[in-house]
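Below, each chain spelled out in residue letters.
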Amino acid sequence: RSFDVIVVGLGGLGSATAWHLARSGRRVLGLEQFAFGHDRGASHDTSRILRHSYHRPDYVRLTRHAYADWSDLERESGERLVTRTGGVDLCPEGSAIPLDDYTRSLDAENIPYELLTAADVAERWPRISPPPDVTALYQERTSIVPAAQSVAAMQRLAGVHGATLTDRTPVLSVRQSADGVEVITPHARYSAGQVVLCTDAWANTLLEPLGTTIPLTVLDQQVTYFEPDDPAGFAPEVFPVWIWLDDPSFFGFPCYGEATVKAGEDCGGPEVDPGSRAGTTDPAMLERLSAFMAERFPG
Ligand SMILES: Cc1cc2nc3c(=O)[nH]c(=O)nc-3n(C[C@H](O)[C@H](O)[C@H](O)COP(=O)(O)OP(=O)(O)OC[C@H]3O[C@@H](n4cnc5c(N)ncnc54)[C@H](O)[C@@H]3O)c2cc1C
């Protein structure tokens, strides 16, 4: 069969691509190597942070579109996806990640924020125990979005607009043809005018035979769910999304749909081949995160 566009990889980005292309009237085929809802890529699990506060103005500019796109998805899916909690970036004195980069980038894009002392933070959110040398950046629009639920919503909407989405179908290769591209799977050969590769950690597997690669370092990220003594003290209404800006950098969430708080080390983890990830716990990372949580989020 012939399509206008074939989207390879149906994680968050591929599902969004398939939805938008199908909505704009293209004949779309989406191919995913694993089962829908699998946990071997980057888009599964409960929560992701949606925020304006980034270290570069061009990133901050993009976040304006991200907020608009999330509203669009909520409208069309009829699902409530964005939970606003506010977000606090905690930056200790002499940090490896300069807070100035964040404030300059937000200023450049006219996004409001508050700068708080450690005492302000402890007073506003009693479950946070920052060291006295911390400066905190608070941005009120920071929110939580549900990763797996949103991917499923975009896949459903892509189908509503006529896209054909198929799981358990690895793309083996992509070739240029006289009138576009040919996409080869174990059981079929599809042609289309264009192909979009949304294959994230696997990107170079399909790119390399085409004579190009992108510089990628794939890390095995790890998140941990901690059970607080008093989940009500960590509810989204009273506890923010937080990021610890230093090396290592950590991030975490309020209780969100369950009586645990999720936290992780940002961009941490050992280098891994995405095709042979064991999914085992790295004890050193767990130890670092647990020690940090016990000190900064007692309870
Ligand atoms: C622990 C963690 C925390 C994060 N936190 C945040 C956050 O708070 N805020 C935020 O904005 N972002 C966050 N991110 C980043 C964000 O989740 C990812 O950028 C996003 O999910 C990437 O989506 P993707 O579709 O590019 O990749 P993936 O979800 O990995 O999707 C790629 C898909 O391509 C498929 N595929 C690959 N090769 C083939 C092939 N040959 N044939 C068919 N299918 C193929 C894969 O199976 C996979 O399903 C986080 C990521 C992680 C891992």
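Residues numbered from 1 in each chain as written. Predicted model: local features only at pLDDT ≥ 70, side-chain atom pairs only at ≥ 80, totals over all residues. Heavy atoms only, no water.

Around the ligand, the surrounding shell holds 25 residues, and the nearest of these are E32, H38, S43, R48 and I49. Bound to the protein, the ligand loses 80% of the 1,000 Å² it would expose on its own. Broken down by secondary-structure element, the contributors of at least two residues to the shell around the ligand are helix 1 (12-23) and strand 3 (47-50). The class makeup of the residues in the shell around the ligand is 12 nonpolar, 10 polar and three charged. (Near = heavy atom within 4 Å. Areas by Shrake-Rupley, 256 points an atom, 1.4 Å probe, with all protein chains shown as cover. Helix = DSSP H or I, 4+ residues; strand = E, 2+ residues; numbered from the N terminus. Nonpolar A, V, L, I, M, F, W, Y, C, P; charged D, E, K, R; others polar.)

With that settled, the discussion passes to the environment of L216. Its location among the elements puts L216 in the loop between helix 6 (203-207) and strand 13 (223-226). Each C-alpha atom, one on L216 and one on L137, is 31 Å from the other, the two residues being 79 residues apart in sequence. Not counting chain neighbours up to four residues away, the residues in contact with L216 comprise D200, A201, A203 and N204. (Contact = heavy atoms within 4.5 Å.)

Along its sequence, the chain is carved into domain 1 (2-43 + 149-210) and domain 2 (58-141 + 219-296). Computed from C-alpha coordinates alone, the two centres of domain 1 and domain 2 are separated by 31 Å. On the side of domain 2, 11 residues touch domain 1, which itself brings 15 residues to the contact. Taking both partners together, domain 1 and domain 2 bury about 1,100 Å²; carbon and sulfur atoms supply 48% of that area. Viewed at the interface, domain 2 and domain 1 are joined by three salt bridges. The salt bridge partner of R156 is E79, with a shortest N-O separation of 3.5 Å. At the boundary of domain 1 and domain 2, one finds seven residue pairs in polar contact (both at pLDDT 80 or more). Every element with two or more residues in the side of domain 1 that touches domain 2 is listed here: helix 1 and helix 5 (147-160). Sorting elements by how many residues they give to the side of domain 1 that touches domain 2 places helix 5 first, with six residues. (Domains from an automatic or database assignment. Buried area = accessible area lost by both parts, 1.4 Å probe. Salt bridge = Lys/Arg side-chain N within 4 Å of Asp/Glu carboxyl O. Polar contact = N/O pair within 3.5 Å; in protein donor to acceptor, adjacent residues only side chain to side chain.)

So, on to the packing of helix 1 against helix 2 (residues 57-77). At their nearest, the axes of helix 1 and helix 2 sit 13 Å apart, and the two run at 65° to each other. It follows that helix 1 is roughly perpendicular to helix 2 by the angle criterion. In this structure, helix 1 crosses over helix 2, and the sense of that crossing is left-handed. Note on element contacts: helix 2 touches helix 1 through D72, L73 and E76, opposite W19, H20 and R23. Per-class residue counts for the contact of helix 1 with helix 2 are two nonpolar, one polar and three charged. (Axes fitted to C-alpha atoms, helices over the stretch in contact; angles between N-to-C directions. Parallel < 35°, antiparallel > 145°, perpendicular 65-115°, else oblique. Left-handed = near helix turned anticlockwise from the far one by under 90°.)

Space inside the second largest pocket adds up to approximately 150 Å³. Along its surface, the second largest pocket is lined by 15 residues, and F226, V261, M293, F297 and G299 are the ones closest to its centre. Broken down by secondary-structure element, the contributors of at least two residues to the lining of the second largest pocket are strand 16 (261-265) and helix 7 (283-296). Counting residues per element, the lining of the second largest pocket draws most heavily on strand 16, at three residues. For the lining of the second largest pocket, the per-class residue count stands at 12 nonpolar, one polar and two charged. (1 Å grid on protein atoms, 1.4 Å probe; cavity = no way out; pocket = protein on both sides within 12 Å on 5 of 7 lines; lining within 4 Å. Points joined across faces, edges and corners; volume = space filled by probe spheres on them.)

Let us now look at empty space enclosed by the protein. A full pass over the atoms with the stated rule returns two cavities of 30 Å³ or more. Size it by volume and the largest cavity reaches roughly 40 Å³. Lining the largest cavity are T46, S47, Y225, F253, P254, Y256, E258, T260, V261 and K262. Within the residue set of the lining of the largest cavity, elements represented by two or more residues are strand 15 (250-255) and strand 16. Of the residues assigned to the lining of the largest cavity, the class counts are five nonpolar, three polar and two charged. Roughly 30 Å³ of volume is contained in the second largest cavity. Along the walls of the second largest cavity sit Q222, T224, G264, E265, M285 and L289, which together make up its complete lining. Elements with a contribution of two residues or more to the lining of the second largest cavity: strand 16 and helix 7.

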